Amino acid sequence: MTPGLPSFFSRKATVAEPGFNRWMVPPAAIAVHICIGQVYGFSVFNEPLTRELGKTAADWTIPQVGWIYSIALVMLGLSAAFFGKWVERSGPKKTMFTSAACFCGGLLVASVGVRMHQLWLVYLGYGLIGGIGLGLGYIAPVSTLMRWFPDRPGMATGLAIMGFGGGALIGAPLGVELMNRFKTPTNTGVASAFMTMAGLYAIWMCLGALMVRVPPLGWKPDGWTPLKTGRRAAVTHNVAVDIAWKTPQFWLLWVVLCMNVSAGIGVLGQASLMCQDMFGVSAAVGGGFAGLLSIFNMGGRFLWSSVSDLTGRRTVYTIYFLLGAALYVSIPLTQQLGNKALFVAVTALIISMYGGGFATIPAYLRDAFGTHQVGAIHGRLITAWSLAAIVGPMLVNYISTAKKAAGVPKAEAYNSTMYLMGGILMVGLVANLLVRPVHPKHHLAP
Amino acid sequence: MNRFKLLVTWLLVGLPLVWGVARSVQKSLPLFSDVAAAAHRK
């Protein structure tokens, strides 16, 4: 290691020079998030990975391949939780570079694993190493963005997290395009697609890391006067991550995120099949419905988190939970009426609030615990997402399958699940309404 | 120069996102034609 290298990556070297435009920071964060958001589109590789050897008995199965995505998501949660303090200490540039090295390095290892037909290498590469890159990249820009936008923290983090939602919209078609380009009669093209994606994503993520800057100490936007009271009052206190996660506020917000994600992710994962079963449409129309929901998932992240800057975080979550529950229980009605357009509108709104929940939580944490270690606190809260990612889809799959097996018509098999989702949102509502300011005894000395 | 840099930076992330959204809209077209046909039948 050369003596100059540490200073290039250090937080100090990332402090913005005078006259730096703060609007340069959101694209830096989005650049990283649209790359790591590729994980949401990983399913396009599942089927091709099961015929790498030409559909022989030695080929991998769908359940085996499914573990790649699951390991990556679990590692996302774990790395965000464990490395959060390191992320805060090291600053966004070093973290984004490390994230790029892990995520793109993981894709390369996975590519070698596919070429050698060694599944453990794919688990290690994309799942374990790549998953660490996901966690680091996800939380890397959060506290930096909130320091640059103390006047609009919800919008700022919403932009970055919108990038993660957009990552699936890019990653899935890009993966398909690349496989089509590289495939031959004896090769699915997955290994080459992984390698090319590693190169492309490395460029984007490194550009993001090079562009990111932290504000000088005490910086505030020109002409902005921090309000002392009210919903938009500036946050002046800070709580350390090791104290924060022992407070009831942290666990209430954990429940808030877990309930919001559990309800949304269950529907998102089953959207295509649900649409086909409930309205008898073709697989192509079902796929189109899933595609439309992805757009609302992305748009909701920016829109709702921006709204939270005006209404306050608690109000916007109350809207997610109350309106969300009402919409869930109305889904069976749209099926009874045979009104497909209404069904699409209702689910699109639900999914926009699901995305909004992800994007608003960092600002909610900042309101409660300050910006000092908000990235690390956010990292620990993400474990709620890991749990919800298992519970939500399991509930929808299990209940609808059991109903179908019990002879309930396909079109009505989802009714009880929708009522249950409404109930889950009510649990989230209670947790949200119980959130109170953190006791001053937990605040760090100024 | 600063404005140009800002524009290029936003294009760097905006263009891939627009491409992704366009592909998703394209994918969702069968849904719209199906909904429109259902409305027409009514």
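Predicted, not measured: the structure shown is a model, and the values here were computed from it.

Visitor: Any chance you could break down the overall build of chain A for me, citing the residues and the numbers?
Guide: Scanning chain A for helices and strands turns up 17 helices and zero strands. Across the 446 residues of chain A, 58% fall into the buried class. Considering only contacts in chain A between residues 6 or more positions apart, those separated by 24 or more positions represent 83%. Of the roughly 17,200 Å² of accessible surface on chain A, 68% is carried by carbon and sulfur atoms.

Visitor: Before we move on, can you summarise the overall build of chain B with the specific residues and values?
Guide: Within chain B, the secondary structure is distributed over one helix and zero strands. Burial analysis of chain B (42 residues in total) assigns 29% to the buried set. In the form shown here, chain B has an accessible surface area of approximately 3,000 Å², with 71% of it arising from carbon and sulfur atoms.

Visitor: Lay out the packing of helix α11 (residues 248-279) of chain A against helix α15 (residues 374-381) of chain A with the relevant residues and their values.
Guide: All names here are of chain A. Where α11 contacts α15, the two axes come as close as 10 Å, and the packing angle between them is 55°. Comparing their axes, α15 and α11 come out oblique. You can see that α11 and α15 cross each other, and the crossing is right-handed. Judged by residue contacts, Phe250, Leu253, Trp254 and Leu257 of α11 engage Ile377, Arg380 and Leu381 from α15.

Visitor: Talk me through a nonpolar patch on the surface; I want residue IDs and the actual numbers.
Guide: Residues and elements named next belong to chain A. A surface patch of nonpolar side chains, amounting to about 320 Å² of accessible area, comprises Phe8, Ile203, Leu207 and Leu210. Of all the elements, helix α9 (residues 190-211) adds the most residues to the nonpolar patch, at three residues. Turning to its location among the elements, Leu207 is positioned in helix α9. By relative accessible area, Leu207 is classed as partly exposed at 32%.

Visitor: So, the pattern of salt bridges: which residues are in play, and what are the values?
Guide: Residues and elements named next belong to chain A. Counted according to the given criterion, the structure contains eleven salt bridges over all chains. Salt-bridge contacts for Arg313 lead to Asp309; the nearest nitrogen and oxygen are separated by 2.8 Å. Taking the relative accessible area as the measure of exposure, Asp309 reaches 7% and is therefore buried. What you see here is one network of salt bridges that share partners, running through Asp309, Arg313, Arg366 and Asp367.

Visitor: Which residues make up the environment of Thr144 of chain A, and what values go with them?
Guide: Residue and element names in this part refer to chain A. Residue position: Thr144 is located in helix α7 (residues 142-148). Judged by its relative accessible area of 1%, Thr144 falls in the buried class. In this structure, the C-alpha to C-alpha distance between Thr144 and Gly91, residues 53 residues apart in sequence, is 8.3 Å. Among all residues touching Thr144, those that are not within four sequence positions of it are Val25, Pro92, Val212, Arg213 and Val214.

Visitor: An account of the interface of chain A and chain B is requested, with residue identities and associated values reported.
Guide: Opposite the 36 residues of chain A that make contact, chain B presents 24 residues. Taken over both partners, the interface formed by chain A and chain B buries close to 2,500 Å², and the fraction arising from carbon and sulfur atoms is 78%. Three residues stand out in chain A for area buried against chain B, namely Met24, Val285 and Lys340 of chain A, and they jointly supply 18% of the buried area on that side. Counting every contact that joins chain A to chain B gives one salt bridge. Here Arg23 of chain B and Glu177 of chain A are joined by a salt bridge, their closest N and O atoms 2.6 Å apart. Between the two partners, chain A and chain B, sit three residue pairs in polar contact (both at pLDDT 80 or more). Put simply, the parts of the chain that give the side of chain A that touches chain B at least two residues each are α2 (25-36), α8 (153-182), α9, α12 (283-311) and α14 (340-369) of chain A. Top element by residues in the side of chain A that touches chain B is α12 of chain A. It accounts for ten residues.

Visitor: Tell me about the packing of aromatic side chains, and name the residues and values.
Guide: Residue and element names in this part refer to chain A. Enumeration according to the criterion identifies 26 aromatic pairs over all chains in this entry. Measuring from centroid to centroid gives 4.9 Å for Phe279 and Phe343, while their planes differ by 50°, and the two rings are tilted. With a gap of 64 residues between them, Phe279 in helix α11 and Phe343 in helix α14 connect regions that are remote in the sequence. Grouping aromatic residues by their ring pairs yields a cluster made of Tyr40, Tyr138, Phe164, Tyr354, Phe358 and Trp385.

Visitor: Mind laying out the domain arrangement of chain A, listing which residues take part and the relevant values?
Guide: Residues and elements named next belong to chain A. The domain boundaries assigned to chain A delineate domain 1 (9-211) and domain 2 (241-437). A C-alpha centroid distance of 23 Å is found between domain 1 and domain 2. Listed per partner, the contact involves 29 residues of domain 1 and 32 residues of domain 2. Roughly 2,600 Å² of surface becomes buried between domain 1 and domain 2 when both sides are summed, with 69% attributable to carbon and sulfur atoms. Our enumeration of links across domain 1 and domain 2 arrives at one salt bridge.

Visitor: Now, about the packing of α12 of chain A against helix α13 (residues 313-337) of chain A: what can you tell me, with residues and values included?
Guide: Residues and elements named next belong to chain A. Running from amino to carboxyl end, α12 crosses α13 at an angle of 130°, the nearest separation of the two axes being 7 Å. Here α12 is positioned oblique relative to α13, judged by the angle of their axes. Residue-level contacts link Trp304, Ser305, Val307, Ser308, Asp309 and Thr311 of α12 to Arg313, Thr315, Val316, Ile319 and Tyr320 of α13. Residues that form the contact of α12 with α13 fall into these classes: five nonpolar, four polar and two charged.

Visitor: Before we move on, could you go through helix α16 (residues 383-405) of chain A and cite the residues and values that matter?
Guide: All names here are of chain A. With 23 residues, α16 ought to run about 33 Å at 1.5 Å a step, and its terminal C-alpha atoms sit 33 Å apart, in line with that. Among all positions in α16, only Ala384, Trp385, Ala388, Gly392, Val396, Ile399 and Ser400 are buried. Phi turns positive, to about 95°, at Gly407, one or two residues after α16.

Visitor: Would you mind going over the layout of surface pockets in detail, with residue names and values included?
Guide: Counted as a void, the largest pocket has a volume near 1,300 Å³. When residues of the lining of the largest pocket are traced back to their parent elements, those giving at least two are α4 (62-90), α8, α11, α12 and α16 of chain A together with α1 (2-41) of chain B. Partitioned by chemical class, the residues of the lining of the largest pocket number 23 nonpolar, 16 polar and two charged. Residues lining the lining of the largest pocket come from more than one domain, with at least three contributed by each of domain 1 (9-211) and domain 2 (241-437) of chain A. Here the second largest pocket is characterised by a volume of approximately 840 Å³. Around the second largest pocket, the lining is made up of 26 residues, and of these Arg147, Leu217, Gly218, Asn238 and Thr371 of chain A lie nearest the centre. Among the elements that take part in the lining of the second largest pocket, α4 of chain A stands out by supplying three residues, more than any other.

What counts, and at which threshold
- Residues numbered from 1 in each chain as written.
- Chains lettered and ligands numbered in written order.
- Predicted model: local features only at pLDDT ≥ 70, side-chain atom pairs only at ≥ 80, totals over all residues.
- Heavy atoms only, no water.
- Helix = DSSP H or I, 4+ residues; strand = E, 2+ residues; numbered from the N terminus.
- Buried < 20%, exposed > 50% of the residue type's maximum accessible area, 1.4 Å probe, protein only.
- Contact = heavy atoms within 4.5 Å.
- Areas by Shrake-Rupley, 256 points an atom, 1.4 Å probe, with all protein chains shown as cover.
- Axes fitted to C-alpha atoms, helices over the stretch in contact; angles between N-to-C directions.
- Parallel < 35°, antiparallel > 145°, perpendicular 65-115°, else oblique.
- Left-handed = near helix turned anticlockwise from the far one by under 90°.
- Patch = residues over 30% accessible without salt bridge, like charges linked within 9 Å, V, L, I, M, F, W, Y side chains within 5 Å.
- Salt bridge = Lys/Arg side-chain N within 4 Å of Asp/Glu carboxyl O.
- Buried area = accessible area lost by both parts, 1.4 Å probe.
- Polar contact = N/O pair within 3.5 Å; in protein donor to acceptor, adjacent residues only side chain to side chain.
- Phe/Tyr/Trp six-rings, centres within 6.5 Å; stacked < 30°, edge-to-face > 60°.
- Domains from an automatic or database assignment.
- Nonpolar A, V, L, I, M, F, W, Y, C, P; charged D, E, K, R; others polar.
- Expected span 1.5 Å × (residues − 1).
- 1 Å grid on protein atoms, 1.4 Å probe; cavity = no way out; pocket = protein on both sides within 12 Å on 5 of 7 lines; lining within 4 Å.
- Points joined across faces, edges and corners; volume = space filled by probe spheres on them.

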